[in-house]
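Single-letter residue listing:
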Amino acid sequence: MQLQTHAWEHALLSLAHEAHHPDFSRAELNIDPQTLAYAYEHCESIIALHSRSFHLASSLLPLEKRRAVRALYAFCRTTDDIVDRANGDGQVRLAQWRRRILTTNPPLDDWVAIAWTDARLRYAIPVRYAEQLIDGVAKDLERVRYQDFDELAAYCYRVASTVGLMSMHIIGYAGAHAVPYAIKLGVALQITNILRDIAEDWRADRLYLPHADLAAFELGETDIAEGAASGEVTAGWRAF
């Protein structure tokens with residue numbers, strides 16, 4: 001069956017192609033096994049605390065892949081938390097995190113950086129995917145508005161599709177034809193999150209819903225504000 005693609009996907013496929021350069025610079029970190037074990041255990045504690053469902057699902061993987069996937073989760077979670085808990089210094093903290101997480105010599109006092117770097121190198125995960133994710137998350141430090149679906153899809157690719165693309169290198173995939181599916185799934189999951197969290201995002205001055213799509217259903221920011229305050233689901237909102 002031929003996979004159907006849409007116009008907005010072409011730009012995302014280009015981003016994935018640009019990023020797909022596996023990192024074979026080093027097979028593994030030169031860190032003692034006990035320190036590495038502590039780092040992976042710390043990542044496991046993060047996922048156990050924040051995502052019981054993903055903790056359960058990842059437990060079905062073989063040990064080495066399980067540890068690597070949980071290190072990936074911890075990297076993504078920490079990146080999100082830096083932005084979501086920013087108190088005016090988000091850009092600075094994110095820049096510091098970028099330097100710690102994208103190196104092949106992570107600081108020995110950062111358990112997440114150690115485990116993630118080890119997993120990234122062991123599974124030759126393209127470092128550019130991690131950079132794209134950080135770039136996407138950084139967008140949330142600005143006043144979030146999107147004009148059309150193409151803009152939103154590009155954001156969804158960076159913060160969600162990249163996670164799937166990195167996961168593929170750990171879990172395994174049949175070939176390059178899997179990439180468009182990972183992109184589609186990431187966009188779909190992120191839009192699901194956006195639709196779930198509209199009121200919460202609005203209170204943080206974030207509106208991910210594209211203005212052009214809202215306008216097509218005669219909706220605007222005033223409607224979003226009123227809906228976030230009242231919780232009322234109108235006919236216009238249902239149609240959207």
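Everything here concerns the structure above.
Parameters at a glance
- Residues numbered from 1 in each chain as written.
- Predicted model: local features only at pLDDT ≥ 70, side-chain atom pairs only at ≥ 80, totals over all residues.
- Heavy atoms only, no water.
- Helix = DSSP H or I, 4+ residues; strand = E, 2+ residues; numbered from the N terminus.
- Expected span 1.5 Å × (residues − 1).
- Buried < 20%, exposed > 50% of the residue type's maximum accessible area, 1.4 Å probe, protein only.
- Contact = heavy atoms within 4.5 Å.
- Arc of directions from axis to C-beta.
- Salt bridge = Lys/Arg side-chain N within 4 Å of Asp/Glu carboxyl O.

K.L.:
How should helix H7 (residues 127-138) be read in this particular structure?
P.N.:
An α-helix turns once per 3.6 residues; consequently, residues spaced three or four apart project the same way. Its 12 residues place the ends of H7 17 Å apart at the C-alpha level, agreeing with the 16 Å of an ideal helix rising 1.5 Å per residue. The complete set of buried residues in H7 reads Tyr129, Ala130, Gln132, Leu133, Ile134, Gly136, Val137 and Ala138. Buried residues along H7 sit in contact with helix H1 (7-19), helix H4 (63-84), helix H5 (90-101), helix H6 (111-122) and helix H8 (149-171).

K.L.:
Explain H5 to me, please; I cannot follow it from the model alone.
P.N.:
Spanning 12 residues, H5 covers 16 Å between terminal C-alpha atoms, matching the ideal 16 Å at 1.5 Å per step. When we look at burial in H5, the residues that qualify are Gly90, Leu94, Trp97 and Ile101. Along the axis of H5, the buried positions cluster into a sector of 60°, meaning they face one direction only. Seen from the buried face of H5, the exposed residues on the opposite side, beyond 90 degrees, are Val92 and Arg99. Residues of H5 that are buried in the fold lie against H4, H6 and H7.

K.L.:
What's the story with the pattern of salt bridges in this structure? I'm lost.
P.N.:
As a working rule, side chains carrying opposite charge can pair if their charged atoms are close by. Scanning the entire structure with this criterion turns up 16 salt bridges. We note a salt bridge from glutamate 9 to lysine 184, for which the minimum N-O separation is 3.0 Å. One end of the pair, glutamate 9, is in helix H1; the other, lysine 184, is in helix H9 (residues 179-196), with 175 residues separating them in the sequence. For glutamate 9, a relative accessible area of 1% corresponds to the buried category. Judged by relative accessible area, lysine 184 falls into the partly exposed class, the value being 21%. Among the ionic pairs, aspartate 135 bridges to arginine 98, the shortest N-O distance being 2.7 Å. Placement of aspartate 135 in helix H7 and of arginine 98 in helix H5 is noted, with a sequence separation of 37 residues between them.

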